[in-house]
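# Structure at a glance
One letter stands for each residue in the lines below.
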Amino acid sequence: MESIRHFLSLDDFSLAELNHVIAHAIGLKASTKRGHYATPLKHKTLAMIFEKASTRTRVSFEAGMTQLGGHAMFLAPQDTQLGRGEPIEDSARVISRMVDVVMIRTFEQAKVELFAAHSRVPVINALTDDYHPCQLLADLMTWREQRGSPQGKTAAWIGDGNNMCHSWMDAARIFDFHLNISCPQGYMPRADIIARNQAFVTVCSSPAEAIKDVDVVVTDTWASMGQEHEKKAREVAFADYQITDELMALAHQDAIFMHCLPAYRGYEVAASVIDGPQSVVWDEAENRLHAQKALLEVLVCGFPAVLSAP
Ligand code: CP
Ligand code: NVA
């Protein structure tokens, strides 16, 4: 029996597979704009388990399944037995006998891994405290659409060393670009994730150093979901890390600004930057839909044979 493919971090796919997903997403986007919807997931169901809030992820997965001819089912912990302590292993065994693919947004990465280990169907990480690989599919797709291949280019991550930063560091290694990071002391990314990506990551001593001459500038909220109680302390620690027009002026003239959203204007980014001409955040958000449609299709229907050849 072929082993089930999951998408729990970017490293679950090869570079060729990731590039296929992105290229397919760009094709799906073009055909959707022409009003053409292929329906390879007819009669298929996606279970969406959300233990954290979401706008983009829920809407893009749910609309994506509709467009692919299938159905998406929203499962909140308070309405399921998961929220009353049914073991994850048992939930995985049961849910995966009834649906064709599962998407989970939760806190611990170990939870999605445990679910996947007991699932009969593919499992997608839709954000954990450690990674947000679906967002990176959309981000890399957006970068490619806007400026071509990321290979050999440089991006800057400025702000919190969080789940998004971890996935961006992995992306730098996999897609062969360089990532400068600048985070306040005490808010650095995980040391083991820096270590495994070390040839592709430079830890800089200031936002100005990190952003100098880069092609892409990325940031995220200073307080991720689950860190709401740290908000005040974080606002103090991150005060010098806002992406302002002055900082953007140090990047390449044609640099793009990205943010996974939701964004907090006046905190991690100035309104003039996120609403300005270098910002691609709305395309980036829309691309969640196209990238995840491509992801769902390869997980449920398989990659083209040419990619599976040894
Ligand atoms: N970027 C992102 O994942 O947004 P949501 O939290 O709204 O899903
Ligand atoms: N780092 C943020 C991303 C939200 C999409 C969080 O985890 O809340």
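A brief structural summary.

### With respect to the environment of Asp-90
- Looking at the element boundaries, Asp-90 is found in helix H3 (residues 88-98).
- For the pair Asp-90 and Gly-276, spaced 186 residues apart in sequence, the C-alpha separation works out to 48 Å.

### Description of the environment of Val-218
- Mapped onto the fold, Val-218 is located in strand S8 (residues 216-219).
- Classification of Val-218 as buried rests on a relative accessible area of 0%.
- Taking the C-alpha atoms as reference points, Val-218 and Trp-168, separated by 50 residues in sequence, lie 9.2 Å from one another.
- Setting aside chain neighbours within four positions, we find Val-218 in contact with Ala-156, Trp-157, Ile-158, Trp-168 and Met-258.

### Overview of the sheet that holds strand S5 (residues 154-158)
- Reading across the sheet, the five strands line up as S7-S6-S5-S8-S9 and stay open at both edges, with parallel pairing between neighbours. Each edge of the open sheet carries a strand with a single partner, namely strand S7 (201-203) and strand S9 (256-259). Shown here is a sheet whose adjacent strand axes are inclined to one another by a mean of 20°, direction ignored.
- Relative to strand S6 (residues 178-182), S5 runs parallel, the two sharing five bridges. Bridging from a neighbouring strand, Thr-154 pairs with His-178 of S6.
- Those strands touched by helix H5 (residues 133-147) are S5, S8 and S9, and its axis lies near 165° from that of S9.

### Quick look at the nonpolar core
- Counting 57 residues, the largest nonpolar core has Phe-7, Ile-124, Trp-168, Phe-177 and Leu-179 as the members making the most contacts within it.
- Considering every element that reaches this core, the biggest residue donor is helix H6 (residues 163-175), with eight residues.
- With residues up to four places along the chain from it excluded, the contact list for Ile-124 reads Phe-7, Phe-61, Val-101, Val-102, Met-103, Ile-104, Cys-134, Leu-295, Leu-296 and Leu-299.
- Ranked by size, the runner-up nonpolar core spans 24 residues in total, among them Cys-204, Tyr-241, Leu-247 and Phe-257.

The rules we used
- For every chain, the first residue of the written sequence is number 1, and numbering continues from 1 along that sequence.
- Chains carry letters and ligands carry numbers; both start at the beginning, A for chains and 1 for ligands, and go up in the order they are written.
- For this predicted model, a pLDDT threshold of at least 70 governs which residues receive local features, and a threshold of 80 or more governs which side-chain atom pairs are given and counted, while totals over whole chains, interfaces and linings are taken from all residues.
- Side-chain numbers come from the whole structure's heavy atoms, not from hydrogens or water.
- Runs of H or I in DSSP of at least four residues are treated as helices and runs of E of at least two as strands, each being numbered from the N terminus.
- A 1.4 Å probe rolled over the protein chains alone gives each residue an accessible area, and that area as a share of the maximum for its type sets the label: buried under 20%, exposed over 50%, partly exposed in between.
- A contact between two residues is defined here by any heavy atoms of the two lying within 4.5 Å.
- Here a strand pair is declared whenever DSSP counts at least two bridges between the two strands.
- Every axis corresponds to a line fitted to the C-alpha atoms, with the helix fit spanning only the stretch in contact, and the corresponding angles, defined between N-to-C directions, vary from 0 to 180 degrees.
- Here the nonpolar core consists of buried residues drawn from Ala, Val, Leu, Ile, Met, Phe, Trp, Tyr and Cys, with membership extended through side-chain atoms lying within 4.5 Å.

By themselves, these figures tell us nothing about what the structure is for.
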